[in-house]
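Okay, here's what each chain looks like letter by letter:
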Amino acid sequence: MNMKTRTILAAIALLVLPLSAQEPTVPDFSKGMPDVKLEKREKIDGNETFHLKTALGSKELSPTLSKFLGAGWGTRKLNREEMILAANEGRTSNAEVYLAVYENARIPGVDIRVIHLKHKEGYAGSGVKITVIRKEKG
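Each value, and the rule that gives it
Residues numbered from 1 in each chain as written. Predicted model: local features only at pLDDT ≥ 70, side-chain atom pairs only at ≥ 80, totals over all residues. Heavy atoms only, no water. Helix = DSSP H or I, 4+ residues; strand = E, 2+ residues; numbered from the N terminus. Contact = heavy atoms within 4.5 Å. Core = buried A, V, L, I, M, F, W, Y, C linked by side-chain atoms within 4.5 Å. Buried < 20%, exposed > 50% of the residue type's maximum accessible area, 1.4 Å probe, protein only. Salt bridge = Lys/Arg side-chain N within 4 Å of Asp/Glu carboxyl O.

**Student:** Would you take a moment to explain the environment of Tyr 102 for this structure?
**Tutor:** You can see Tyr 102 is positioned in strand E4 (residues 95–104). Considered as a pair, Tyr 102 and Lys 77 are 25 residues apart in the sequence and their alpha carbons are 9.3 Å apart. With near-sequence residues (within four places) excluded, Tyr 102 lies in contact with Ser 62, Leu 65, Ser 66, Leu 69, Trp 73, Gly 74, Thr 75, Val 110, Asp 111, Ile 112 and Val 114.

**Student:** Got a minute to help me understand the nonpolar core in this structure?
**Tutor:** A general feature of soluble globular proteins is that nonpolar side chains tend to end up buried together. Counting residues in each nonpolar core, the largest one holds 19 residues, and the members touching the most others are Phe 29, Leu 65, Tyr 102, Ile 112, Val 114 and Ile 130. Looking at this core, the elements with two or more residues in it are strand E2 (47–54), helix H2 (58–69), E4, strand E5 (110–119) and strand E6 (126–134). When near neighbours in sequence (up to four residues on either side) are disregarded, Ile 130 contacts Phe 29, Met 33, Glu 48, Thr 49, Phe 50, Leu 52, Leu 65, Ile 112, Arg 113 and Val 114. Ranked by size, the runner-up nonpolar core spans five residues in total, among them Ala 86, Ala 95, Leu 99 and Ile 115.

**Student:** For this particular structure, what's the right way to read the pattern of salt bridges?
**Tutor:** A side chain with one charge can pair with a side chain of the opposite charge if their charged atoms come near. Applying the stated criterion across every chain yields a total of seven salt bridges. The salt bridge involving Lys 40 is made with Glu 42; its shortest N-O contact spans 3.6 Å. Under the relative-accessibility criterion, Lys 40 is labelled partly exposed at 42%. Of the charged contacts in the structure, one is a salt bridge between Glu 82 and Arg 76, with a shortest N-O distance of 2.6 Å.

Structure representation (structure tokens):
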């Protein structure tokens, strides 16, 4: 292997290693996402809720969100309380509700709850509530 090839391989290694060694992080929704605009941000008891507006339906939002979250994030099965929350949200907001909860095994204690609301009347577009839930340790 000649010196030029070694130099190129060393440079590639320096670029790739820091990227692969990065710890996973909780995404920042404070500036919205592609095709999703932030309207309001709330912080209560260490949890953050982002209220967003989008023209995307729940089926179009899912791949956009998955890409934004990055590797390691996936949905988990909803528990009873989450299903009740979704039903109540649909009744109080007069909307069709899609709920998903994302988790990442490399970030224990953090769930990202996504509620997509397609309003039945009176509103153009859809609303999305993303809540970053930090479970207490101990």
